[in-house]
Amino acid sequence: MNPVELIRKKRDGGALSRAEIEYWIDGIVDGTIPDYQTSALLMAVYFRGMTEEETVVLTDAMAHSGSVFSPDDLPGFAVDKHSTGGVGDTTTLVLLPLLAAAGLTIAKLSGRALGHTGGTIDKLESIPGFCARLSKSRFLDQVRRHGFALADHTDDMVPADRILYELRDVTSTVDSLPLIVASIMSKKIAGGARGIVIDVKTGAGAFLPELEDSRRLARSLVAIGTSLDRRISALITDMSQPLGRAVGNALEVVEAIETLRGEGPADLTDLCCELGAELLLSAEAAAARDEALAHLRRLLSDGSALDAFRRLIECQDGEPAVVDDPSLLPRALRVVEIDAPASGTVARLDALSIGRAANALGAGRTTKDDTIDPAVGVEILQKVGDQVDAGAPLARLHANRETNLPEASELVRSAYTIDPNGGAHEPPPLIVERIGP
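Criteria and thresholds
Residues numbered from 1 in each chain as written. Predicted model: local features only at pLDDT ≥ 70, side-chain atom pairs only at ≥ 80, totals over all residues. Heavy atoms only, no water. Pairing = 2+ DSSP bridges. Helix = DSSP H or I, 4+ residues; strand = E, 2+ residues; numbered from the N terminus. Axes fitted to C-alpha atoms, helices over the stretch in contact; angles between N-to-C directions. Contact = heavy atoms within 4.5 Å. Salt bridge = Lys/Arg side-chain N within 4 Å of Asp/Glu carboxyl O. Buried < 20%, exposed > 50% of the residue type's maximum accessible area, 1.4 Å probe, protein only. Parallel < 35°, antiparallel > 145°, perpendicular 65-115°, else oblique. Nonpolar A, V, L, I, M, F, W, Y, C, P; charged D, E, K, R; others polar. Phe/Tyr/Trp six-rings, centres within 6.5 Å; stacked < 30°, edge-to-face > 60°.

Draft legend 1. Structural view of the sheet that holds strand β2 (residues 105–110). Across the sheet, which stays open at both edges, the six strands sit in the order β3-β2-β1-β4-β5-β13 with mixed pairing between neighbours. The open sheet has two free edges, formed respectively by β3 (148–152) and β13 (431–435), since each of these has just one partner strand. The sheet shows a mean angle of 20° between the axes of neighbouring strands, taken without regard to direction. Of the pairings in the sheet, the one linking strand β4 (residues 195–202) to strand β5 (residues 231–238) comprises eight bridges and is parallel in character. Its bridge partner lying in β5, Val200 is registered against Ile236. The sheet contacts of helix α7 (residues 136–146) involve β2 and β3, and relative to β3 the element is tilted by about 155°. Each of β4, β5 and β13 is contacted by helix α10 (residues 211–227), which is oriented at about 170° to β5, the strand it contacts most.

Written as structure tokens, this is what we have:
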């Protein structure tokens, strides 16, 4: 067996065997297969695709290419959630404490921002002192003692994915469905969760803007997870406009605290409860969806979920006082309002433009080596369907630098379309579709 044989076989439309895929992944990690041959094989996969069986094997091989948590390492019924990214997507910061309060085990490994989508770890690190880089032993100990942990991916977990993603990025093979699925699911499998819910975004601010592409991804993720003995479901959710009202790291932490207090935006609250209900049902911690939703809403209203977030911060060396006094979080030096140019109804709010505006202010990364400013971002005051008067503020920019403020301001202005006739404009349904095994 050698790399040239694998490249030729996939180039000609053949299906790779388990032995061939495992040989490829082993060679990537130990360096015996050079990047140029892996790049050629990635391009062959891009054009020829992979069968479901091939994708299952690739996912499993990538998951086991480094350190792995098995379900038996974790107490209780461990659950996990993945989002395909979006703008103002604060769900992880709300959902995981909510599930911990409901008694589920949370062993969550999250990522950082790249492009216009925010990263959970960057948001958490805006909390003074919060430690997201946990060793495997500390991570497991925290999960066993407290029932939850939320940390950055360690370098020894799923190293094959890191290598492959860097090569996909420079060979224009990122948008290959089997490679996307294997990348996402290998990290979920390596994390050891028994129950998984996937939040697949669709719309302007999503990784896959077109619904049919989002649907294909969701179906494939569920199929692969099921084949690897996970209880998994997916919700396809709207990202044509930002979720919630905050876009930016510290701003989103504030919004998460408000939501955990039962005072957050309706769309963010509803989505977290719907995603949480999926996991309560998969863990058999609720008999029916209505029961699960009602239980989760009680945990938001009675303070249990907020207490769980405070405990998470304490366990990971952060300053728990931010829960009661969010002003302790980083704050921008300047706040600039963007006013409505005319009276009418907000007919459109383009999520992608808002995400790019937050990035221009310094809230995100263009390359993985960029430094993030935790204080900056966009605060959304008006969303689709809202009535506005000329001169009233549509959004606020939280900025520390003057240089990119004009660009960010123009992006926010261009994100809004106002119907001067004041017609009724309903936002798209938040949850477009549910996909189960």
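Draft legend 2. Representation of the sheet that holds strand β8 (residues 344–349). The strand order β10-β8-β12 describes an open sheet built from three strands, whose pairing is antiparallel. Single-partner strands in this sheet number two, and they are β10 (387–388) and β12 (416–419). Here two bridges tie β8 to β10, and the two strands are oriented antiparallel to one another. Bridge assignment links Gly344 to a residue of β10, and that residue is Val388.

Draft legend 3. Region of interest: the pattern of salt bridges. Summed over the entire model, instances satisfying the criterion amount to 31 salt bridges. Note that Glu54 is salt-bridged to Lys10, the shortest N-O span being 2.9 Å. In this pair, Glu54 is assigned in helix α4 (residues 52–63) and Lys10 in helix α1 (residues 3–11), connecting sequence segments 44 residues apart. Assigned by exposure class, Glu54 and Lys10 land together as buried. Residue Arg396 is joined to Glu379 by a salt bridge in which the shortest nitrogen-to-oxygen separation is 3.1 Å. Placement of Arg396 in strand β11 (residues 393–399) and of Glu379 in strand β9 (residues 377–380) is noted, with a sequence separation of 17 residues between them. Judged by relative accessible area, which is 24%, Glu379 ranks as partly exposed.

Draft legend 4. Highlighting the packing of helix α5 (residues 91–101) against helix α14 (residues 304–315). Contact pair α5 / α14: the axes reach a minimum separation of 8 Å and the direction vectors enclose 105°. The angle between the axes of α5 and α14 places the two elements in the roughly perpendicular class. Counted together, Leu93, Pro97, Leu98, Ala100 and Ala101 of α5 and Ser304, Ala305, Ala308 and Phe309 of α14 form the full contact between these two elements. Partitioned by chemical class, the residues of the contact of α5 with α14 number eight nonpolar, one polar and no charged.

Draft legend 5. Just the pairing of β8, in detail. One ladder, built from four bridges, connects β8 with β12; its direction is antiparallel. Bridge assignment links Thr345 to a residue of β12, and that residue is Asp419.

Draft legend 6. Structural context of the packing of aromatic side chains. In this structure the tally under the stated criterion is two aromatic pairs. Ring centres of Tyr46 and Phe47 lie 5.2 Å apart, and the angle between their planes is 90°; on these two criteria the pair is classed as edge-to-face. With centroids separated by 5.2 Å and ring planes inclined at 0°, the aromatic side chains of Phe69 and Phe139 adopt a geometry described as stacked. Here Phe69, found in the loop between α4 and β1 (78–83), pairs with Phe139, found in helix α7; they are 70 residues apart in sequence, far enough to count as distant. Judged by relative accessible area, which is 2%, Phe139 ranks as buried.

Function cannot be read off these values alone, since they describe shape.
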